[in-house]
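Now for the letters of each chain:
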Number of protein chains: 2
Amino acid sequence: MAVVGVMRIFVFFLTFYISLYCANSAATDIELDAKAQFTHRIDSLNLLLYTFLLILTVLTIWLFKHRRFRFLHETGLAVIYGLIVGALIRYAGSKTPVLHMSVTPEKDSKYNLSLPPDTLWLRFPNRGSNPPLPNKTYAYAFREEIVDIEDNEMDLKATFDPEIFFNIILPPIIFHAGYSLKRKYFFRNLGAILTYALIGTTISSFVVGALMYGFIHQMPNLKGSFTFLDTLYFGALISSTDPLTILAIFNDLHVDVNLYALVFGESVLNDAVAIVLSGSIQNYGERYQSGTGGFETQAFFRALGDFFGIFTLSLLIGALMGCITAILTKFTHVRDFPLLESALFVLMSYSTFLIAEASELTGVVAVLFCGICQAHYTYNNLSADSRSRTKKLFELLNFLAENFIFSYIGVSMFTFPKHHFDPGFIFAGFFCAMLGRAVNIYPLSFLLNLGRKPKIPLNFQHMLFFAGLRGAMSFALAIRNTVSDARQAMLTTTSLIVIVTVIVQGGATMQLLTWFKIPVGVEEEVEMLPYAGVRSEMAEPSRESGGGSRLNDKAWLARIWADFDVKYMKPFLTHARPTLLETLPVCCNPIARILTTTEQMTQDNRSRSQLDSDSDLCIEENELSYGDQRRTSVQRVRTP
Amino acid sequence: MAVVGVMRIFVFFLTFYISLYCANSAATDIELDAKAQFTHRIDSLNLLLYTFLLILTVLTIWLFKHRRFRFLHETGLAVIYGLIVGALIRYAGSKTPVLHMSVTPEKDSKYNLSLPPDTLWLRFPNRGSNPPLPNKTYAYAFREEIVDIEDNEMDLKATFDPEIFFNIILPPIIFHAGYSLKRKYFFRNLGAILTYALIGTTISSFVVGALMYGFIHQMPNLKGSFTFLDTLYFGALISSTDPLTILAIFNDLHVDVNLYALVFGESVLNDAVAIVLSGSIQNYGERYQSGTGGFETQAFFRALGDFFGIFTLSLLIGALMGCITAILTKFTHVRDFPLLESALFVLMSYSTFLIAEASELTGVVAVLFCGICQAHYTYNNLSADSRSRTKKLFELLNFLAENFIFSYIGVSMFTFPKHHFDPGFIFAGFFCAMLGRAVNIYPLSFLLNLGRKPKIPLNFQHMLFFAGLRGAMSFALAIRNTVSDARQAMLTTTSLIVIVTVIVQGGATMQLLTWFKIPVGVEEEVEMLPYAGVRSEMAEPSRESGGGSRLNDKAWLARIWADFDVKYMKPFLTHARPTLLETLPVCCNPIARILTTTEQMTQDNRSRSQLDSDSDLCIEENELSYGDQRRTSVQRVRTP
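Keep in mind it's a predicted model, so treat the numbers as computed, not measured.

Undergrad: Residues and numbers for helix α13 (residues 384-415) of chain B, please.
TA: Its 32 residues give α13(B) an end-to-end C-alpha distance of 45 Å, which sits within 8% of 46 Å, the value for a rise of 1.5 Å per residue. Where burial is concerned, most of α13(B) is hidden: 25 out of the 32 residues are buried.

Dropping the structure here:
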C-alpha cells in the first residue's frame, strides 16, 4: 500500500510540473533554464525513489527481525520492493519525452579521423521556418554508439550510469569485506579459500563459458550474435558469488566459524578474481580483434600474464597503501585528533582505489587488500574513537550500498531499456551457473581433502555449493557494457539469476542447514578443535586427536606468513610487542631503534592486547619459537 | 616538495598513458573502448588529485595543531594547497586534446521547436575520404549553450559539474550544522540571530547590489554586460558567511558561548537566506524578461512571495521529516538494531533534501531544519550506538566536504576555464562585501540593543563584523551559472573574496580577539550570567543584576516555543517526561495514552536525562510552570 501511495505522489508531482512548465513558455533562454530545472527535478525524483525503497526495506526488515522471521534477508527484500516499484514505473508512470535530432557534419568540416568527436557544436542554418529556429550554438558531449536505431529510445528513467556502480557503490562494499574479515579463521583456512577462489573460479568460468557456447550453437536465433569470448565473459561474471543472505544467517545462528570463513573468504576473493578475469578476457578480445596480438595462443598467454600481473600489482598497491597508512598513524601523533585520523584513514583507503584505477589496474582488488591491511595493522594504531568511527562508518556505507544495488537490480529489471529476454539463453544460464558452482566446489574439495588435516566434510561441501548466490559484482559486470545483443541477453540472465538465487536460495538457507545437519550455536572457542562437534556423516579419524592437532590445522603458507608478520611486519607497522629491537639481528639495532616508538617500548603488553585486534591473529602466540624469549623480555621491562 | 612529487607522478602517468594509447590504434571499436578507458582514467586522476590534496591538508593541519599553531585553519590550508596545485596543473600539466566538430541538422530534419534537442545522432555522409569516415551513428547529449565561441575550449581539467556542489557536497555540511547546533544558546539568542540572518542578509544583499550597480556604471568596459538583477544576485551570494576558521578558534579557546552562538547561528541561517534569495532573484529575472509577470512591481511582489513561500515551505518540509523520523524511532523498536536505525536516520535526512529539491523548494533549507529537528527530537530516541555513529558520521562527512570544497576553490582558480579577471570589478566586490557586512551588523545591533536585556557590546559587534568570512555557499552559488561574462566576473571575484577572507581574516582571528578584548577560557556554566566577566569598554548597568536576570535573557519567542515544545512536542516525539498524559487536557486522555510508550511511563527520569540531549534545552526546566507538578509525578512513580 505504502509503495502505491508513494508512486501516486510521484506521478502527481510529475504531471504537476509538466503542466506547470508547459504553461510558462516564451523565450528560449527561459525554456532552457526551465528544462534544466526540470531535469534536475527528475534526477532528484529518481534518487528519491531509491531512498524511499531503502527506507521501506529498512522498516520492513526491522519488522522481520523483530519477529525473528529469517526467510528474507534485507537484500532479498530490496530486490522484491525494487521489482514492484519497477513494474509500477514501467506500466503506470508517464513517459518523459526526449527530443532528438539527426545531424551531419557542416559542409566545410575538415574532420577526418576515425574516432567520434568528443563534442559537437550544433548550429542551425538560416532558413525561414515557423517558429524561427534559434540562432544559437549548442554544445553536445559524446555519449555512446548507437547500434540498433529502432530500439534506442534513450529513455533512461530511474537508471544510472553503470560506472557509478564501479566507482562509488562497489568500493565501500569491498573495502568493508576486507576490513571486517575475521582474519584468524580466514588465515587458518587460507589454502582452501585460495583454491576455491583462484582455481575454482577460473575453472567455473571456463566450464560455464564452454557450456554456454555449446548451448548457443544449438539455438539458431542466438548463434550469430555470440562469440566464445562473449560466453567466457559471461562465465567469469557469473562465477563471482555474493552469499550475503547466508552469511547473515550463519552469523545469527552461530554456525561453525570455519564454514563461515570458507564461505565468506571465498566470496570475497572470487569477486576480485572475477573482475580481473573479465578484464583480461576483454583485453584479449581487443587484441584478438585488432590483430595486433598476432597468434591466438600468444594473445592467450598475454591474457594469462595480464590476469596474474594485474591481480598481483593491484594486491601490492592495496597492501602498500595499507602499510603507508599504518606508518602514518604509527609515527605521527595524529591519533590525538581522532577526526583528522579518521579522515586520513578514509582518504588513504579511497585513494588506493583511485590509484589502482588510474594505473589501469583493478581498484576493487586493491581496495580489498587495503582493507585487510588496514584491519591488520592500521587498526591497532588508531585511537579508540577512530576505531569505532571507521568500523561503524564502513558498516553503514556497506549496508546502504548493498541495499541500493539490490533495489536497483529489482527496479532496472523493468526500467532499464536494454533488456533482452531470451528463454533459451536464460535457461542455459541458470543451468550453467549451477554446474559451474558444482565443478568449483566438489572436485576441489576432494583434492583439498587429500592434503588437509581437518577435512571438509560433505555437508560443508553441499553448503558451500548452495552458498553460491550471485549478487552485486555479477550485476555490476553485466551492466557495464550493454551495447551488443549478446551483452543485453547476458544482463537479463544475470539479473534473473541474482534475483532468483538471492530470494530462493537465500530463503531456503534455514531449511538447508537442517537438512545438511550443519551444527549451529557453535561458540568461537569450541571449534578451535578441528570441527569438534560436527555431526557429519563422515566420521573422521582426526576428530579423536582433539586439542593435539591444533598445530596441524594451519596451512603451511599461513604459518610462514604469520611468523614473518609477527616478527617483522607488526613490530614495524604497529605498536605491538615484540619490538624490532627484539626480532631483528643485532647489527640492525640502529634502524630498529628508529622504527620503534616510545609507546611501543613502554606500553604494558597485556593491557594493550585487550584493546587492539591482536586477538584476530592467525597463530596463537605461544606456538611461535620466540614465545618464551619474548615473555622474558616483557618481564625484563617490567621488573624495574 | 611533496606536492611537486605528486604532480610529477601525475604528469608521468598522463604522458605514459597517452603514449600507450597512441601506439595502439587500429579499428574504431577498440579506439572507442580505449578512449572510454582513457576518460575513466583521467576522471580517476582528477579525483585522486583532490584526495591527495585532502591527505596533505590533514597531515599538515595535524602538524599545526600538534604545535598549537593557530594562524591557519584546515580550510585555509586546503585553499593554499589547492592554489599551488592548480597553478602547477595550469602551467606544467600537459593538455588533453578534445576533438570537436560543428554540425548542422540533416536535410530532411523536421525539427522546428525553439528548444535545443536533448540528444543528437551524428551520421557521416558517404563521401570518399581518407581515412574513410566511420559508417556509424553516435549519440550525443546536450550539455550547454555556447555564448563565446572563441573562448570555449571545453577544457574541463580538474573541474566538476557545479551541480555536484549542490547535491552532494553541501547537504552534509548544512545538515551537520543543524545537527551539531548548540540549541540552548541558539534559542537564547534567537531574536538576534534571526534579525541578523533574515533582515541583515536581505539589507546587505540590496546594499551590495545597488552599490555594485553604481560602481559598474562608472566602468565603461563593464557597463553593458551587467543588469541590476545581476549585481543583486551577486549581493545575495556574497551575503552568506562561513566563519569556520573563527568558530574553530572560538571552540579551542572557549570564547563566550553567546558570541559563539551569534556567529554560528547567523552563519547557518544566512546560508539558507542567501540561497532562497538568489533563487527568488533568478525567478524574478525570468518573469521580468519573459514579460509574463506584467508590471515590474507585480513581479517584485511575486518574488517577495516566492522568497517567503519557498523559505517557509522548505523549513516545514525539513521539520516534518525530522518529526517523522522521531516518530518512527519512538514507536518502533528499530533501536534494537542500531545499524538499521542509523541507516533509517541517514536515509530520512537525505530524502528531506531530495523531496525539497523535487518540489521546486530549497533542499539546503529543508535539510538544515531537518538536522535541527533530528538533534532535538530523534536523537533522544536513538540507541547509544546510533547516537555516536550518526554524530561521528556527519562530523566526518562535514570535514571531508568542507575541505574538498576549499581545495576545489583553490584549484579551480587556475583550472576553471571560465574565469574573468576584471580589476575594477574585483576591487568593487571587495569593498562592497565589506560594506555589506557592516550595514548588516552595526545598525541592527543598535536596534537590537534597544530592546535586548543583555546588550551586545561593541567588541562583540566588531567580532561579528570580522566573522563575515565567505565560503562554500557563496562559491557554490557563484559557480552554478557561468554562461555570461557578468557571471564569470562574479565567480572570479567571489573566489578571490573567499580565498582572501579565509586566509587573512581567518589568520588574524587570534590578534583580533586580543584587540577587541574578547574574553576567552569562559566555561559554559559561567556565562549563564549575562556576559558575566566581559571586560568590555561598555560598562552595562545590567551587569550588576547578576544571576537575577536569568529569566530576562531569553527571547519571548523562544519562551513561547520552549513551553509548547516541552509540553507537547517532546512528549509526543520522544521518550521524555512529562508524558502527554500529564500535559494534555483530561478529555484527550485516550489519544495521549496511545502516544505514550511504556518506556516513557516507566523510565527513570534522571538517569535518562544524562544520556539524552535534554541538557541542550533552551529553557531551564524549573522555569516552566508545571515544573513542580512534574517533579511530584516522578516521585510518585518512584516511591512504590
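Let's pick the thread back up.
Undergrad: I'd like a description of unusual backbone geometry, backed by residues and values.
TA: Of all residues except glycine, most have a negative phi; of all peptide bonds, most are trans. Residues and elements named next belong to chain A. Of note, the phi angle at Glu 360 is positive, near 65 degrees, even though the residue is not glycine. In this structure, Glu 360 sits in the loop between α11 (338-358) and α12 (363-381). Overall, the relative accessible area of 31% leaves Glu 360 in the partly exposed class.

Undergrad: Got a sec to walk through a nonpolar patch on the surface? Specific residues and values, please.
TA: All names here are of chain A. Side chains of Phe 206, Phe 300, Phe 301, Leu 304 and Phe 308 sit close together on the surface and give an oily, nonpolar patch of about 490 Å² of accessible area. Tallying contributions element by element places helix α10 (residues 296-331) first for the nonpolar patch, with four residues. Relative to the helices and strands, Leu 304 resides in helix α10. For Leu 304, a relative accessible area of 37% puts it in the partly exposed group.

Undergrad: Could you give me a rundown of the state of the cysteines, with the residues and numbers involved?
TA: Evaluation of the coordinates by the stated rule reveals zero disulfides over all chains. Of all cysteine sulfurs, the one in B:Cys373 lies closest to B:Cys323, which takes part in no disulfide; the gap is 4.8 Å.

Undergrad: Which residues make up the packing of α11(A) against α13(B), and what values do they have?
TA: At a minimum axis distance of 10 Å, the contact between α11(A) and α13(B) shows a crossing angle of 70 degrees. Overall, the two elements α11(A) and α13(B) adopt an arrangement that is roughly perpendicular. Read as a crossing pair, α11(A) and α13(B) show a hand that is right-handed. In this structure, α11(A) contributes A:Leu339, A:Leu340, A:Ser342, A:Ala343, A:Val346 and A:Leu347 to the contact, and α13(B) contributes B:Glu395, B:Leu396, B:Phe399 and B:Leu400. A class-by-class count of the residues in the contact of α11(A) with α13(B) yields eight nonpolar, one polar and one charged.

Undergrad: Can you break down the environment of B:Thr231 residue by residue, with the values?
TA: Residues and elements named next belong to chain B. Mapping Thr 231 onto the fold places it in helix α7 (residues 228-238). Its relative accessible area of 0% is what places Thr 231 among the buried residues. Considering only alpha carbons, one finds Thr 231 and Phe 206, 25 residues apart in sequence, at a separation of 9.0 Å. Non-local contacts of Thr 231, meaning those with residues more than four positions away in its chain, are made with Gly 209, Met 212, Tyr 213, Ile 216, Phe 226 and Met 490.

Undergrad: Lay out the packing of aromatic side chains in plain terms, naming residues and giving numbers.
TA: Tallied over the entire structure, the rule returns 57 aromatic pairs over all chains. The interplanar angle of 40 degrees and the centroid separation of 5.8 Å between the aromatic rings of A:Tyr442 and A:Phe465 together place this pair among those described as tilted. Here A:Tyr442 is found in helix α14 (residues 423-451), whereas its partner A:Phe465 is found in helix α15 (residues 458-466), with 23 residues between them in sequence. Given a relative accessible area of 27%, A:Tyr442 falls into the partly exposed group. Seen from the ring of A:Phe166, A:Arg480 lies directly overhead, with NZ or CZ sitting 3.8 Å from the centre. Stacked on the ring of B:Tyr233, the Lys or Arg B:Arg487 has its end atom at 4.2 Å from the ring centre.

Undergrad: Can you tell me about helix α4 (residues 163-179) of chain A, naming the residues and giving the values?
TA: All names here are of chain A. Between its first and last C-alpha, α4 extends 24 Å over 17 residues, near the 24 Å set by a 1.5 Å rise per residue. Roughly 45 degrees is the biggest bend found in α4, and it falls at Leu 170, with proline Pro 171 one to four residues downstream. Within α4, 14 of the 17 residues are buried, leaving the element largely enclosed by the surrounding structure.

Undergrad: Before we move on, could you go through empty space enclosed by the protein and cite the residues and values that matter?
TA: All names here are of chain B. Overall, the coordinates contain 13 cavities of 30 Å³ or more when judged by the stated rule. Along the walls of the second largest cavity sit Leu 181, Lys 182, Tyr 185, Phe 186, Val 257, Tyr 260, Ala 261, Phe 264 and Gly 265, which together make up its complete lining. Among the secondary structure elements, those contributing two or more residues to the lining of the second largest cavity are α5 (183-188) and α9 (257-290). With five residues, α9 is the largest single contributor of residues to the lining of the second largest cavity. Grouping the amino acids of the lining of the second largest cavity by side-chain chemistry returns seven nonpolar, one polar and one charged.

Undergrad: Tell me about the pattern of salt bridges, and name the residues and values.
TA: Applying the stated criterion across every chain, the model contains ten salt bridges over all chains. Here B:Lys392 makes a salt bridge to A:Asp385, at a shortest N to O gap of 3.8 Å. One end of the pair, B:Lys392, is in helix α13; the other, A:Asp385, is in helix α13 (residues 384-415), on a second chain. Taking relative accessible area as the criterion, B:Lys392 reaches 17% and is therefore assigned buried. Since its relative accessible area comes to 26%, A:Asp385 is described here as partly exposed. We note a salt bridge from B:Arg389 to B:Asp385, for which the minimum N-O separation is 3.2 Å. Highlighted residues: B:Arg389 and B:Asp385, both in helix α13, separated by four residues, approximately one helical turn.

Rules and cut-offs
- Residues numbered from 1 in each chain as written.
- Chains lettered and ligands numbered in written order.
- Predicted model: local features only at pLDDT ≥ 70, side-chain atom pairs only at ≥ 80, totals over all residues.
- Heavy atoms only, no water.
- Helix = DSSP H or I, 4+ residues; strand = E, 2+ residues; numbered from the N terminus.
- Expected span 1.5 Å × (residues − 1).
- Buried < 20%, exposed > 50% of the residue type's maximum accessible area, 1.4 Å probe, protein only.
- Patch = residues over 30% accessible without salt bridge, like charges linked within 9 Å, V, L, I, M, F, W, Y side chains within 5 Å.
- Areas by Shrake-Rupley, 256 points an atom, 1.4 Å probe, with all protein chains shown as cover.
- Salt bridge = Lys/Arg side-chain N within 4 Å of Asp/Glu carboxyl O.
- Disulfide = S-S within 2.5 Å.
- Axes fitted to C-alpha atoms, helices over the stretch in contact; angles between N-to-C directions.
- Parallel < 35°, antiparallel > 145°, perpendicular 65-115°, else oblique.
- Left-handed = near helix turned anticlockwise from the far one by under 90°.
- Contact = heavy atoms within 4.5 Å.
- Nonpolar A, V, L, I, M, F, W, Y, C, P; charged D, E, K, R; others polar.
- Phe/Tyr/Trp six-rings, centres within 6.5 Å; stacked < 30°, edge-to-face > 60°.
- Lys NZ or Arg CZ within 6 Å of the ring centre and 35° of its normal.
- Bend = angle between axes of the 7 residues up to and from the residue.
- 1 Å grid on protein atoms, 1.4 Å probe; cavity = no way out; pocket = protein on both sides within 12 Å on 5 of 7 lines; lining within 4 Å.
- Points joined across faces, edges and corners; volume = space filled by probe spheres on them.

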